[in-house]
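# Commentary on secondary and tertiary structure
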Amino acid sequence: MSSGDTEKRSDGNDDNDEAELARMGYKQELKRDLSLLQNFGVSFSIISVITGTASLFLYGLNTGGPAVMVWGWVVVSFFTMMVGLAMAEICSAHPTSGGPYFWAAKIVPEKRAPISSWITGWFNLLGQVAVTTGISFAVAQFISTTATIGTTFVPAPRTTIGIYAAVLVAQGLINTFGVHLLGMLNTISIWWHALGTVSFVIAILAKAPTHQSARFVFTTFVDNTGDPGWGTRASNAYVAVIGILLAQYTMTGFDASAHMTEETHNAAMSGSLGIVTSIGVSAVLGWFLIVGLLFSIQDYGATVSSPTGQPVTQILLDTVGEKGAIALMVVIFVCMFFAGTFSITSNSRMMYAFSRDGALPGSAFFHKIDDKRKTPVRTVWLAVTLSFILGLPSLGSSVAFAAATSIATIGLYISYGIPIALRVIYRKNFTKGPFHLGAFSLPISTIAVLWILFISIVFILPQINPVDSQTFNYSVVAVGIVMAYSLGLWFLSARRWFAGPIKQIKGKSSIIPI
């Protein structure tokens, strides 16, 4: 083992944070004002178990049903924790807004740093934009659905896209002008998600006229993936595997804790703990939510074919009535709104860092911090614009929406997996931070990489049978475009001018021998 493996970086006050940032070559341009709780809150809010579960609940009911939803959540939570632990270890060694793409550059030998950073960055950007799209489009859908309760209102695609645009603009404005409120909103979001989700489940369980049996919730397998379904055409195992998208899409976005480290006190520990704790708390809360919803289903067929288009809404109508349903729907879309707001926060920080290093087209324009608010306003609106564009194909197409969630999952997890894989390959060059896994580092990182390889294949597979233009899983196209663009531009041009993360300043090392 090299000396680099037996070194540890200091942590402490803001001076140490700025010295650590300077060691990585960057100036302190963003306002460092977040605590550990607030760093955790950003990732916890983006994971937002009620957002992911409600958005893809119909997908889950049709693709494997209760058994896959319940036990798939447990399996996915375990492997996501492996990914999170591996990422947390690297984040502690390199706490900067660039996150995965910066890590990829610093782990490999210098000559391989540019291409590693370049590819990782573009996949992370794709995933970040797709996550914001999935969350904010779901807000628009649920607002439209809520408006139909007890009224004659029928949402049209133009109505949904109008609401979607309004939601994104509102989230962009909060990130632009309400920066001083983000910390307070963060704290509110933590409690709203935690108490709101628990209260939501207690309410529907308490008011449900009848409850499903434990046998139904924990063992019922359903294949409504077409006519015939993939269980008939392929196997039930295929259905179960593609059915874990609900859980895996929900458990994304925790790299936000890394992207917020340049704004967090004691970044080398806080960012890592933010990643791990957000996954752990979300895993427990999400399982509780799924089980509560499944026990409260009154009629499975009617729930799946609900005229509202949202099975969660139907469950609420069947258990707490119209007025109660409206109240609980407000709980859901406020959670979603918070998730989308902080997704844009994280997305904009990644784009800011990527443009700071010259990788984005128009980097000179986008790498600018607002002098008054100390926030990357231009990348906030870039995130809003790209998310709006990516959401357009989802109008009137549940398949396109599922594809958007697949894109988010694949894009983010590939960007997580590249630095983790490089950490395994170049482990002798890795320098420890204060958060380290010790003897478990290599096995946990290896498990994480294998899981990411598995889900990256699974989520580009067809989800509905037969496969045609309306049921094709377009996530493979989006991922292919990003791969072709990043590699094509690299070999045609970028390899001659992109050198990886740029050092703005030369800082002194803050490495302390153990």
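Computed from a predicted structure; not experimentally measured.

## Describing the packing of aromatic side chains
- Going through the model one piece at a time under the given rule, you end up with 25 aromatic pairs.
- When the centroid spacing of 6.4 Å and the interplanar angle of 80° are considered together, the rings of W497 and F498 count as edge-to-face.
- Classification of F498 as buried rests on a relative accessible area of 3%.
- Chaining the aromatic ring pairs together yields one cluster made of Y101, W118, W122, F354, Y485, W490, W497 and F498.
- For the cation-ring pair, R378 lies above F365, with the distance from its terminal atom to the ring centre recorded as 4.1 Å.

## Let's talk about the packing of helix α7 (residues 113–148) against helix α19 (residues 377–391)
- Interhelical geometry of α7 versus α19 gives an angle of 65° and a closest axis separation of 8 Å. With respect to their mutual orientation, α7 and α19 come out roughly perpendicular. The element α7 and its partner α19 pack so that their crossing is right-handed. Here V129, A130, T132, T133 and F137 of α7 lie close against α19, whose contacting residues are L386, S387, L390 and G391.

## Structural notes on the environment of G274
- Tracing the chain through its elements places G274 in helix α15 (residues 267–295).
- For the pair G274 and S43, spaced 231 residues apart in sequence, the C-alpha to C-alpha distance is 7.1 Å.

Reading guide: rules and limits
- Residues numbered from 1 in each chain as written.
- Predicted model: local features only at pLDDT ≥ 70, side-chain atom pairs only at ≥ 80, totals over all residues.
- Heavy atoms only, no water.
- Phe/Tyr/Trp six-rings, centres within 6.5 Å; stacked < 30°, edge-to-face > 60°.
- Buried < 20%, exposed > 50% of the residue type's maximum accessible area, 1.4 Å probe, protein only.
- Lys NZ or Arg CZ within 6 Å of the ring centre and 35° of its normal.
- Axes fitted to C-alpha atoms, helices over the stretch in contact; angles between N-to-C directions.
- Helix = DSSP H or I, 4+ residues; strand = E, 2+ residues; numbered from the N terminus.
- Parallel < 35°, antiparallel > 145°, perpendicular 65-115°, else oblique.
- Left-handed = near helix turned anticlockwise from the far one by under 90°.
- Contact = heavy atoms within 4.5 Å.

By themselves, these figures tell us nothing about what the structure is for.
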